[in-house]
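Take a look at the letters that make up each chain.
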Amino acid sequence: MADTGLVETLLQRVEKVDGGLDSQDVATSLGVDHQAIVGAVKSLQALGDVISAEQRSSKHWELTGEGCEIAEQGSHEARVVSSIPEEGMPQSQLMKLAFGKVGFSKAMSNKWIRLDKGHEGGPRIFKTVERLEDLVRDKLLLVQKGQASQLEEKEKNELKKRKLLSEVTVKSYWITKGSCFSTTITKQETELTPEMIASGSWKEKKFKPYNFEAMGVALDCGHLHPLMKVRTQFRQIFLEMGFTEMPTNNFIESSFWNFDSLFQPQQHPARDQHDTFFLSDPAQAHEFPQDYLERVRKVHSEGGFGSQGYKYDWKIEEAQKNILRTHTTAVSARMLYKLAQQEKFTPVKYFSIDRVFRNETLDATHLAEFHQIEGVVADFGLTLGDLMGILHQFFNKLGLKKWVEVGNSGMFRPEMLLPMGLPEGVTVIAWGLSLERPTMIKYGINNIRELVGHKVNLQMVYDSPVCRLDS
Amino acid sequence: MPTVSVKRDLLFHALGRTYTDEEFDELCFEFGLELDEITSEKDIISREQGDTKAEGASDVILYKIDVPANRYDLLCLEGLVRGLQVFKQKMEAPRYRRVSPASSEPQRLVITEETTAVRPHAVAAVLRNITFTQERYDSFIELQEKLHQNVCRKRTLVAIGTHDLDTISGPFTYTAKPPGDIRFKPLNQAKEYTAQELMSLYKTDSHLRHYLHIIEDEAVYPVIYDSNGIVLSMPPIINGDHSKISLNTKNVFIECTATDLTKAKIVLDMMVTMFCEYCEEPFTVEEAEVVYPDGRTCQYPELAYRKETLSADFINRKVGISESTEHIAQLLTKMCLRSEVMSDGEQIEVEIPPTRSDVIHACDIMEDAAMAYGFNNIPRTTPRTYTIANQLPLNKLSELLRQDLAAAGFTEALTFALCSQEDIADKLLKNISETRACRISNPKTAEFQVARTTLLSGLLKTVAANRKMPLPLRLFEISDVVLKDESKDVGARNNRRLCAVYYNKSPGFEVIHGLMDRVMQLLEIKPGQGNGYHIQAADDSTFFPGRCAEIFACGKSIGRLGVLHPDVINRFELTMPCSALDIDIEHFL
């Protein structure tokens, strides 16, 4: 805040004039630095429309440091002349003076002095004039008084060349009364301070208005990844519906659990090298539940449990091949098998959301790995109507009306369930979808690479909103 | 899902009426199909090769229809029309019959011992007095191609050969010979080639080259001769030119050679059931006799009808409806599963025709009943299954930690579980042998060579892709890595890790150390030896010497933290110092 006295003086000056006044003139007439007047103008502007100030710029001439010295003490040549006594002075002595060198040559060319080179005891200088007119000093004094306009351009440029004058651009304000003009002002506070609160002085103070147009300060904070935020919501939905989470932390799976146990034949194209990642190390799984494996072999190759089977030569070698699981249904199969080994069957609702892998051709919507969401219900007497009902409830919670596009659903086949040892009347309904697809729809992302993987733009992560699936 | 492309007007003609696109779309939905696209040859060429190439192409409207993968009976116009007409109750499902030739012995195909090693099975049949038109002929060829791509698994399981029976004479011999000994003029070629020459000829054939691998490395190649030594085909690659069928062909000899007999029978049944309606006596197929090396004989095609008996109650209970036995029998009959209510009024006898090889269990019949009933007409119900939800403890812990790591100012990254060997070894200055990494045998690119053994490389790649972002970068990820583990049935296990990096102009060891302290505080582990946690200087090639410590909690080593080695920084194309924290959180369950 500028000096209050100065602000008030300025306001009184503005009140007295009819049109307006120049801040530079005010500074000159008050004998204060122009910057102080600028400060007063700025603080008045901050108070609202007390004054209006229009910025102007003008050029004027100013003396340089050397110019000031000359204006005060005379030009170098004049000082040379005045320092020489009647009997003259040795040249060497003159040259030792600060103004000696420049003054000597100028005085010589003005013919104000002469040099006696052959003088006894070395070259000696004598005055040739008694009185002289110091024009340089006179001109500089004019400029100093602010009367530079009396000089001709040529003269000013010559002095500029001698580095005695310089032309400077001056910024000033043209100050006029504003719509709320007044000569008395109250100082406005910017912020509430602990002292004001302690003393109660805030009650008497006026506070500077905030600029509500400006943005706040960007906070330094951490962020959760948008896909993981959506995962959290899906978990929440399943938990709300009473589903228990399956242990899907096993990316590497045997073909047996990933395909054979699901009654997927060994020649199925999904088991092709072009669709599935096979492992070279560890290449094979060992240890299968032997009696179960035998029932799986039989239902594939011969049928049984009411099925014709596929009637082909089922090979253990195919089932042993390790792969990166192509769906989390491999885990569902393990869980259902485990359930079938219980003494007594109990109904279950299971879910999982985890990574699966496909050796696919990659494009804007397909990556080699993605997250699969899966829900499974096993109970006696479940119907297709139950499947459709539970899907409806699930997708309602998602706020997705058209869900047919994003997922798959169905009843597990008896050829899968009965060999596991599940009771005859137990039906298992299940559905699955990818986590990425609804997330891309939700956040309007067209290329999956902008959502997952190391190439994503962190700004996208920083800027992503909270995830409320149902709104 | 295979897509079948049919000419719209031809389809409507065969259906005996026209539909608007919307009406037909609706019909498809009811029948379990999907009208995928309405287009024309001209559109397709124009889209794939540009407008200039499309000039002059046909603009006859095509319907592209998605057919369920195992419905081989809907892969051609003939089958689609028959299915839809029966569904709309405009006709009854035809009865396919195998007949003996009127006045002679059946055609015989003799299989020799030599085929056992390469392609042991063969079946055959004859379409007698068939009338082709251009459309029927095109459809006949197209169906072979569709079957080859689907049930035949690109000819590996089954290969179909069709021949003009009047140009050849039986009995036929299916044998296998060394490639140098097989010599014939293949389809659409001007001269004879040996099998060896053919294999190199077709190396550059855009279509056939995909099938060469099936027999390429075999000592003997399969081949079928007629009684005069004329080559019918060299399955699964190419037919002979001599016996090729044309629009004028009256009698067609169909052979299917296979590595899977069940599939061969299905494919033969499909070929003959789809086209026998064009025979003089429609829906009859003339049998052929196949003689096995051991002397056994079999008559083909099988055209087997199978009966299943199930109750209306079973269907009602599984679908969640309560329809009368009669109505359910009607619904099934509409799906080409001719059904009759049995005398008890409750049981239904369902006849599964040879065209419905996909029906292998009562549950398939139930599904057809549901479809004919209309999925959208089934009342939606809520299962009464009462269960209490449980979270997986490991995931619960991960979820809780994620929230608090973000609250600590770190941003969550999501990186791939598969990566190159270089990412987890060379770039981290480690030897691949010390990583316990699982290796993928068939990666299409180096990005998928191994399953990651650390989260660090993914985070560093994320930093590298975001070098333009304001510093410091603070990233974390909680996810699984995969390690070889002999004790598991598959020889590997996942391991849940928490990894974080701090990337700035100064290494910020104190920041990452502070994060570790915070994590321990969140896990209620106090600083100190014994049951607490402490860190201790360690040597690790990934880290700058003297700037790495091992973290111990409750007496066990759980991970490391430190300032990364400048060579690691360089190898990930980074420029600033970086510190990292990497811990196994499974210890805290």
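As the structure is a computational prediction, the values presented were derived from the model and not from experiment.

Participant: Sorry, what's going on with the overall build of chain B here?
Facilitator: In terms of helices and strands, chain B carries 16 helices and 29 strands. Whereas a compact globule of 589 residues would reach a radius of gyration of roughly 25 Å, chain B reaches 33 Å, over 25% beyond that. Considered along the principal axes of its C-alpha atoms, chain B spans approximately 100 × 65 × 60 Å. Taking all 589 residues of chain B together, the buried fraction comes to 55%. Taking as baseline every contact in chain B between residues at least 6 positions apart, the subset at least 24 positions apart corresponds to 69%. Carbon and sulfur atoms provide 47% of the accessible area of chain B, an area that totals close to 25,400 Å². Put simply, chain B has 66 plus and 86 minus side-chain charges, and the middle of one group is 5 Å from the middle of the other.

Participant: I keep staring at the UniProt feature "domain: B5" (unreviewed entry) in chain B and nothing clicks. Help me out?
Facilitator: According to UniProt, the positions carrying the feature "domain: B5" (unreviewed entry) are residues 303–380 of chain B. For the annotated span residues 303–380 of chain B, helix accounts for 38% and strand for 19% of the residues, and the straight-line distance between the end C-alpha atoms is 39 Å.

Participant: Is there a simple way to think about the packing of helix α11 (residues 226–240) of chain A against helix α18 (residues 436–443) of chain A in this case?
Facilitator: The angle between the axes and the distance between the axes are what describe a pair of packed helices. All names here are of chain A. Between α11 and α18, the least distance of the axes is 10 Å, while the angle of their chain directions is 110°. What the angle tells us is that α11 and α18 run roughly perpendicular. For the crossing formed where α11 meets α18, the hand is right-handed. Residues P226, L227, V230 and F234 of α11 pack against E436, P438, T439 and Y443 of α18. Grouping the constituent residues of the contact of α11 with α18 by class yields 6 nonpolar, 1 polar and 1 charged.

Participant: Would you explain the pattern of salt bridges in this entry?
Facilitator: Oppositely charged side chains can pair when the atoms bearing their charge come close. All chains considered together, the criterion is met by 58 salt bridges over all chains. Between D9(B) and R8(B) there is a salt bridge whose closest N-O contact spans 3.1 Å. For R8(B), a relative accessible area of 22% corresponds to the partly exposed category. Between E287(B) and R98(B) there is a salt bridge; the shortest N-O distance is 3.7 Å. Separated by 189 residues along the polypeptide, E287(B) in strand β15 (residues 284–291) and R98(B) in strand β4 (residues 97–99) bring together distant segments of the chain. A residue is classified by how much of its surface remains accessible, and E287(B), at 11% relative accessible area, is buried. Connected through salt bridges with shared partners, the residues R231(A), E399(B), R402(B) and E412(B) form a single ionic network.

Participant: It is not clear to me how the sheet that holds strand β1 (residues 21–22) of chain A should be interpreted in this structure. Could you clarify?
Facilitator: Adjacent strands of a sheet pair through backbone hydrogen bonds, lying either parallel or antiparallel. All names here are of chain A. Read from one edge to the other, the open sheet built from 3 strands follows the order β1-β6-β2, with strand pairing classed as antiparallel. The open sheet terminates on both sides in strands that have one partner only, identified here as β1 and β2 (51–63). In the sheet, β2 pairs with strand β6 (residues 165–177) via 13 bridges, with the strands oriented antiparallel. Looking at β6, one finds that Q55 is bridged to Y173.

Participant: Sorry, what's going on with the interface of chain A and chain B here?
Facilitator: Interface size is commonly expressed as the accessible surface area that is lost when the partners come together. At the junction of the two partners, chain A supplies 95 residues and chain B supplies 81 residues. At the boundary of chain A with chain B, total buried surface from both sides reaches about 7,200 Å², with 55% on carbon and sulfur atoms. Connecting chain A to chain B are 6 salt bridges. Between D364(B) and R413(A) there is a salt bridge, with the nearest N and O atoms lying 2.7 Å from each other. For the pair chain A and chain B, the interface holds 54 residue pairs in polar contact (both at pLDDT 80 or more). A breakdown of the residues in the side of chain A that touches chain B according to their chemical character gives 41 nonpolar, 35 polar and 19 charged. Note: strand β11 (residues 279–281) of chain A against strand β22 (residues 439–440) of chain B, 2 bridges, orientation antiparallel. The partner of L279(A) across the bridge, within β22(B), is I440(B).

Participant: Quick question: what am I supposed to make of the sheet that holds strand β19 (residues 347–352) of chain B here?
Facilitator: Residue and element names in this part refer to chain B. One open sheet accounts for 3 strands, arranged β17-β19-β18; its pairing is antiparallel. Two strands close off the open sheet at either side, each with one partner strand: β17 (306–311) and β18 (339–341). Ignoring which end each strand starts from, the neighbouring axes of this sheet average 20° apart. Bridging between β18 and β19 involves 3 bridges; their strand directions are antiparallel. Bridging across to β19, E340 finds its partner in E349. Its contacts with the sheet put helix α10 (residues 325–334) on β18 and β19, and the angle it makes with β18 is roughly 170°.

Participant: So what exactly am I meant to see when it comes to the pairing of strand β16 (residues 297–300) of chain B here?
Facilitator: Residues in a regular strand project their side chains so that they alternate between the two faces of the sheet. Residue and element names in this part refer to chain B. Judged from the 4 bridges that link them, β15 and β16 form a sheet pairing that is antiparallel. Bridge pairing in β16 links V290 to C298. Between β15 and the antiparallel strand that follows it, β16, lie 5 residues; G295 among them carries a positive phi value of about 95°.

Participant: Honestly, the packing of helix α1 (residues 4–16) of chain A against helix α2 (residues 23–30) of chain A in this entry has me stumped. Any pointers?
Facilitator: Residues and elements named next belong to chain A. One way to put it is that α1 packs onto α2 with a least axis distance of 12 Å and a crossing angle of 115°. As judged from the angle between their axes, α1 and α2 are roughly perpendicular. As α1 runs across α2, the sense of the crossing is right-handed. Residues L6, T9, L10 and R13 of α1 touch α2, and the partners they reach there are V26, S29 and L30. Along the lines of polarity and charge, the residues of the contact of α1 with α2 split into 4 nonpolar, 2 polar and 1 charged.

What counts and what doesn't
Residues numbered from 1 in each chain as written. Chains lettered and ligands numbered in written order. Predicted model: local features only at pLDDT ≥ 70, side-chain atom pairs only at ≥ 80, totals over all residues. Heavy atoms only, no water. Helix = DSSP H or I, 4+ residues; strand = E, 2+ residues; numbered from the N terminus. Rg over C-alpha atoms; globule rule 2.2 N^0.38 Å. Buried < 20%, exposed > 50% of the residue type's maximum accessible area, 1.4 Å probe, protein only. Contact = heavy atoms within 4.5 Å. Areas by Shrake-Rupley, 256 points an atom, 1.4 Å probe, with all protein chains shown as cover. Lys, Arg positive; Asp, Glu negative; His and termini not counted. Charge placed at Lys NZ, Arg CZ, Asp CG, Glu CD. UniProt positions renumbered as here; feature names shortened; annotations may be inferred. Axes fitted to C-alpha atoms, helices over the stretch in contact; angles between N-to-C directions. Parallel < 35°, antiparallel > 145°, perpendicular 65-115°, else oblique. Left-handed = near helix turned anticlockwise from the far one by under 90°. Nonpolar A, V, L, I, M, F, W, Y, C, P; charged D, E, K, R; others polar. Salt bridge = Lys/Arg side-chain N within 4 Å of Asp/Glu carboxyl O. Pairing = 2+ DSSP bridges. Buried area = accessible area lost by both parts, 1.4 Å probe. Polar contact = N/O pair within 3.5 Å; in protein donor to acceptor, adjacent residues only side chain to side chain.

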